[in-house]
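# Structural overview for review
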Amino acid sequence: MKVHEYQARGLMEEAGIPVPPSEVLDSADQALAAYDRLGEKTVVVKAQVHAGGRGKAGYVKLVSSAQEAAEHAQRMFAEPMVSKQTGPEGIQVRKILMAGAVDIAKEYYLGIVVDRVRRVPVMMASAEGGVEIEEVAARDPDAIKKAWFHPHLGLQRFQANVLAAAIGLSGDKAKAAVGIMLKMAKLFLAKDCSLAEINPLIETPTGEILAIDAKFNFDDNATFRHPDVQALFDPHEEDAAELRAKEFDLSYIALDGNIGCLVNGAGLAMSTMDIIKLHGGEPANFLDVGGSVTTEGAVEAFKIILADEKVKAVLVNIFGGIAKCDVIAGALITAAKEVGFKVPVVVRLEGTNVEIARQMLKDANLPQLKPAGDLTDAAKQVCACV
Amino acid sequence: MSILVDANTRVICQGITGKAGAFHTTQCLEYGTKVVGGCTPGKGGMKSEHGLPVFNTCHEAVAETGADASMLFVPAPFAAGALMEAADAGIRVVVLITEGVPTLDMVKARKYLDDKGVKLVGPNCPGVITPGQCKIGIMPGYIHKPPANGTKNVGIISRSGTLTYEAVWQCTERGYAQSTCVGIGGDPVKGLNFIELLEMFENDPETHAIVMIGEIGGTDEEQAAAYIQANVSKPVVAFIAGQTAPPGKRMGHAGAIISGGEGTAQSKIAALKEAGITVSDSPATIGEALAKVLS
C-alpha cells in the first residue's frame, strides 16, 4: 500500500524526524491563507498523487506570491494530471501540499527495504540524493552504503554512525542524520513498511538536516494490525476494477491487450499471459481466481473481464486440483448464462474430474464456449479469435 | 530416496480443527501420509474428525506422537508464532501453507528457525510431496507419479502452486516420476529456497533431473543459475513465469513484483541460459524440454 507525500510527512513528524512546515489543501480557495501561514517568500506547490512525473507535468511549482500559489492550485485541482505514469486520461488531484522552499547546500538519500536475499531489513544511505536511487545504483553502486539490521534488535546507533560517516557527514550534522536514521528504522519495523525512503534528506547552508520528500509503502499483509496506516488508504488512487476484484478475493490487474484471462493460481495466471504473447496475442489482464474456484467468483471474474471493452476473446485456464474440474465447469456454465458471453471463450481444463467437466461443457451447448485440448491448443485458438 | 519427507515422516497439523486444516488432513491421510495428530490451542484432549488426537501445544503433540514434521493451516496473523512454536518443540520440517503472512513476521521467524536448524517450506505455498510416500500440503496427489524400478525421476522446485501441478502433470504424462516436489511459495521472504533444494536434489541419488519454476520478483533465480553452474551435475530445466508482467505491479503473489528494474523474467531467463540451463519458453513445453535433456 502506497501513501501520499503529505501523509508520509505526517508519519515522519509523528516519529520526530525534522521536516519543514507545510500546509495541505483540499481546495484552491485555501491557498491564500496557507501561503500566509507558511510565512515564506518562496513556496513549493505540489499535487498529491501517487503517480510519478509530477515535475515534468507541471504539478510541482515554485511560487513567490499568494496569488501565484492560488492560480497553480486552481489549475492543478481543475485539470487531471497527465504524466508518463498515468495514462492519457490522467489523474484527478484531490490534495495539494504547500511548503516553504528551503535553501539546500547538499542532498542525501536514505532508504529502508527488506533485503530478499539476506532476509533482513537494510538501511541504505547515499551522498547522491535528489535523484532516483535506481539511477545511482545503475551508475555507481558503490555510492550507496548499506547497513543490514537485525529485525529483533533494530538498527544500532553504531551502524547509523558508520553510514553517516560513509556519506560524508560529521559533527552535529552526523548526529542529526543518525537520529533520523534510528527513528526511520524504528518506524519501518513498527508500522510494517515495505519501503521507507527520504529523498532528498538535505543539509541547509546553516547546517540543519531536514527531510524534504519521503515515500512510504506498507506491507499489504500487515495493515490489519495498523488501523492508523489503513486510514491513510486512498481508494481514488486505485484502479476501480482491481478494487472490485479484491472484494471478491480475486487478484486482477488490467493490461493493454485484447485477450481476457481467467486462471486459478498466480503463477499459472502469469504464464497464461506469457503463452498468449508467445502465440502472437496480447493479454488484456492478469486474473487469479484463487486455488478453489467458486461459482460466485467465476461469475464476478467474467463480469470484470468483460467490462473491459477491449476484450475480444477470453482464455479460461484452470488446473483443477482440490478444486474439481466438474465444479469449475458448472461455474463456467452458470457464468455464461448469467453474464452472457458476447465474445468467444476458450476453455482449457485439466486435472481432477476433467472428463466429466468436458462432457458437461459439451452438453451445455453454449456456442461461445470453445473447449481446448491442451494449453498450447488453447493459446493458439484464443489468438486466432482476435 | 527423496528429500525432506518420506514414508517414515510423522506429521501433525497445526490448525487441524479449522475448516482448511481438517479438509486437507483428510486428503493427506487418504494419500497415505502418516498424520499422527494435530494442535489447536484450547482444544487439547479432544479427537479431530479423523479420530486423531488434538493437543493444546506442539510440545505435547511431539512428546505424545513423535511427530517430526508439521503442516500449518494457521491464520496469517498467528502464523509466525506457530512456526516458532513448532521449531521450539523439535519439529524438523515445517510446511506453512497460509497466505498473507506479514513480511516482517517472516523475517523475524526465520531468524528464530535458523537458530534451531529447522527447515521451513513456504509460506503461501502448496507444500511438499514425495509421491507414493508422503504428501504435506494442498496439491492434488493423483497427478504425481511415484518412482519405480527403471523410472527417470524428477525433483521439482517451484514458487507457484497450480503452475507446479502443470509441470508435474507434464512429467507424469511423459512417464517421468517425481522424487519430491517442493512448492517454496510466492512470498518475498520464505523458508527453503532454490539453492538449498538444488543441493538436496543434487545429493539425492534417485533424482535424475530437476525442474525449477521461478517467477518475476527478487533475484533468487539469478543466484540459483550461478549455483547450478558451479555445483549441479544433473540436468536442470527451468521455466520463469511473468515475461509479460508490467513493472511495479504485484502479480498475485506478494513476492512477484518487478521493482527498481530488478526481478524481470528477462533477466532471470538470461542468467539461466548463460549458465547453460535449458529454459522452456512456454509453460506447456516443460515436459518436452525435460524429455530433451534426459534423452
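Predicted model, so just to flag it, every value in this text is computed and none were measured.

Of the regular secondary structure elements, chain A holds 14 helices and 16 strands. Principal axes of the C-alpha set define a box for chain A whose edges measure 80 × 50 × 40 Å. Burial status across chain A gives 54% buried among its 386 residues. Here chain A contributes 41 positively and 52 negatively charged side chains, and the mean placements of these two sets differ by 3 Å.

Take the overall build of chain B next. For chain B, the count of helices and strands is nine helices and 13 strands. By the compact-globule yardstick of 19 Å for 295 residues, chain B fits well, its C-alpha radius of gyration being 18 Å. Considering only residue pairs separated by 6 or more positions, chain B has 75% of its internal contacts joining residues 24 or more positions apart. Accessible surface for chain B amounts to roughly 9900 Å². Of this, 50% is attributable to carbon and sulfur atoms. Across chain B, the mean location of the 23 positive side-chain charges is 2 Å away from that of the 28 negative side-chain charges.

As a further point, take helix α2 (residues 58–65) of chain B. Given 3.6 residues to a turn, an α-helix orients residues that are three or four positions apart in the same direction. Residues and elements named next belong to chain B. Residues of α2 that are buried include every one of C58, A61, V62 and T65, and no others. Within α2, the buried residues cover an arc of 95° as seen down the axis, which keeps them to one side. More than 90 degrees from the buried face of α2, the exposed residues found are A63 and E64. Elements in contact with the buried residues of α2: β1 (10–14), β2 (34–39), β3 (54–55) and α3 (76–88).

Another point: the sheet that holds strand β5 (residues 93–96) of chain B. Residues and elements named next belong to chain B. Taken together, six strands build an open sheet; the order of strands is β3-β2-β1-β4-β5-β6 and the sheet is parallel. Here the strands that pair on one side only, and so sit at the sheet edges, are β3 and β6 (119–121). With three bridges joining them, β5 and β6 adopt parallel strand pairing. Bridge pairing in β6 places V94 opposite L120.

So, about the side chain of E215 of chain B. Note that E215 of chain B resides in strand β11 (residues 209–215). The exposure class assigned to E215 of chain B is buried, which follows from its relative accessible area of 1%. Residue contacts for E215 of chain B: discarding those within four places in its chain leaves G267 and M270 of chain A together with R159, S160, G186, E221, I240, A241, H253, A256 and K268 of chain B.

All names here are of chain B. Packing of α3 against helix α4 (residues 103–116) brings their axes to within 9 Å, and their N-to-C directions diverge by 5°. Considering the angle they form, α3 stands roughly parallel to α4. Across the interface between the two elements, P77, A80, L83, M84, A87 and D88 of α3 pack against D105, M106, A109, Y112, L113 and K116 of α4. For the contact of α3 with α4, the residue count by class is nine nonpolar, no polar and three charged.

Further remarks concern the domain arrangement of chain A. Quoted interface sizes are often the accessible area lost when the parts come together. Structurally, chain A comprises domain 1 (22–100), domain 2 (106–230) and domain 3 (240–384). The distance between the C-alpha centroids of domain 1 of chain A and domain 3 of chain A comes to 43 Å.

Glancing now at the pattern of salt bridges. Residues and elements named next belong to chain A. Evaluation of the coordinates by the stated rule reveals 26 salt bridges over all chains. In this structure, K310 and D308 form a salt bridge, with 3.4 Å as the shortest nitrogen-oxygen distance. On the basis of relative accessibility, which here comes to 39%, the residue K310 falls in the partly exposed class. A relative accessible area of 15% means that D308 is categorised as buried.

Position of S282 of chain B among the secondary structure elements: in the loop between β13 (278–279) and α9 (286–294). S282 of chain B has contacts with I275 and L278 of chain A together with F239 of chain B, leaving out every residue within four places of it along the chain.

Here the idea is plain: a probe the size of a water molecule rolls over the atoms and shows the empty space left. Considering only enclosed or pocket space, the second largest pocket measures out at about 230 Å³ in volume. Together, 14 residues line the second largest pocket, and D374 of chain A together with E166, Q170, E173 and A284 of chain B are the ones closest to its centre. Elements represented by at least two residues in the lining of the second largest pocket include exactly β15 (345–351) and α14 (375–384) of chain A together with α5 (162–173) and α9 of chain B. Examining the composition of the lining of the second largest pocket, we find that four residues originate from one element, α5 of chain B, more than from any other. Residue composition of the lining of the second largest pocket, by class: three nonpolar, four polar and seven charged.

What follows covers the interface of chain B and chain A. Residue-level contacts link 60 residues of chain B with 47 residues of chain A. Between chain B and chain A, a total of about 4100 Å² is buried, with carbon and sulfur atoms accounting for 64% of that surface. Counting across the chain B and chain A interface gives three salt bridges. For the pair chain B and chain A, the number of links is 16 residue pairs in polar contact (both at pLDDT 80 or more). Mapped by element, the contributors of at least two residues to the side of chain B that touches chain A are α1 (19–31), α4, α5 and β12 (236–241) of chain B. For the side of chain B that touches chain A, the element with the highest residue contribution is α4 of chain B, accounting for seven residues. Among the residues forming the side of chain B that touches chain A, the class breakdown is 28 nonpolar, 20 polar and 12 charged.

Residues and elements named next belong to chain A. What the four strands build is an open sheet, ordered β1-β4-β2-β3; its pairing is antiparallel. Where the open sheet ends on each side, the last strands, each with one partner, are β1 (22–25) and β3 (60–63). Neighbouring strand axes in the sheet, compared pairwise and without regard to direction, differ in orientation by 20° on average. Inspection of the sheet shows β1 paired to strand β4 (residues 96–100) by four bridges, in the antiparallel sense. Looking across to β4, one finds that V24 is bridged to L97.

With an omega of 5°, the peptide bond between N199 of chain A and P200 of chain A qualifies as cis. The linkage connecting G122 of chain B with the following residue, P123 of chain B, adopts the cis geometry, with an omega of 10°. Relative to the helices and strands, P123 of chain B resides in the loop between β6 and β7 (127–130). The backbone of D249 of chain A shows a phi angle near 60°, a positive value even though the residue is not glycine. Within the secondary structure layout, D249 of chain A lies in the loop between α9 (240–247) and β11 (251–254).

Residue and element names in this part refer to chain A. Topologically, A357 is positioned in helix α13 (residues 354–364). Taking the C-alpha atoms as reference points, A357 and V327, 30 residues apart in sequence, are found 7.7 Å from one another. Leave out the neighbours within four places in its chain, and A357 touches C325, D326, A329 and L349.

Cut-offs used in this document
- Residues numbered from 1 in each chain as written.
- Chains lettered and ligands numbered in written order.
- Predicted model: local features only at pLDDT ≥ 70, side-chain atom pairs only at ≥ 80, totals over all residues.
- Heavy atoms only, no water.
- Helix = DSSP H or I, 4+ residues; strand = E, 2+ residues; numbered from the N terminus.
- Buried < 20%, exposed > 50% of the residue type's maximum accessible area, 1.4 Å probe, protein only.
- Lys, Arg positive; Asp, Glu negative; His and termini not counted.
- Charge placed at Lys NZ, Arg CZ, Asp CG, Glu CD.
- Rg over C-alpha atoms; globule rule 2.2 N^0.38 Å.
- Contact = heavy atoms within 4.5 Å.
- Areas by Shrake-Rupley, 256 points an atom, 1.4 Å probe, with all protein chains shown as cover.
- Arc of directions from axis to C-beta.
- Pairing = 2+ DSSP bridges.
- Axes fitted to C-alpha atoms, helices over the stretch in contact; angles between N-to-C directions.
- Parallel < 35°, antiparallel > 145°, perpendicular 65-115°, else oblique.
- Nonpolar A, V, L, I, M, F, W, Y, C, P; charged D, E, K, R; others polar.
- Domains from an automatic or database assignment.
- Salt bridge = Lys/Arg side-chain N within 4 Å of Asp/Glu carboxyl O.
- 1 Å grid on protein atoms, 1.4 Å probe; cavity = no way out; pocket = protein on both sides within 12 Å on 5 of 7 lines; lining within 4 Å.
- Points joined across faces, edges and corners; volume = space filled by probe spheres on them.
- Buried area = accessible area lost by both parts, 1.4 Å probe.
- Polar contact = N/O pair within 3.5 Å; in protein donor to acceptor, adjacent residues only side chain to side chain.

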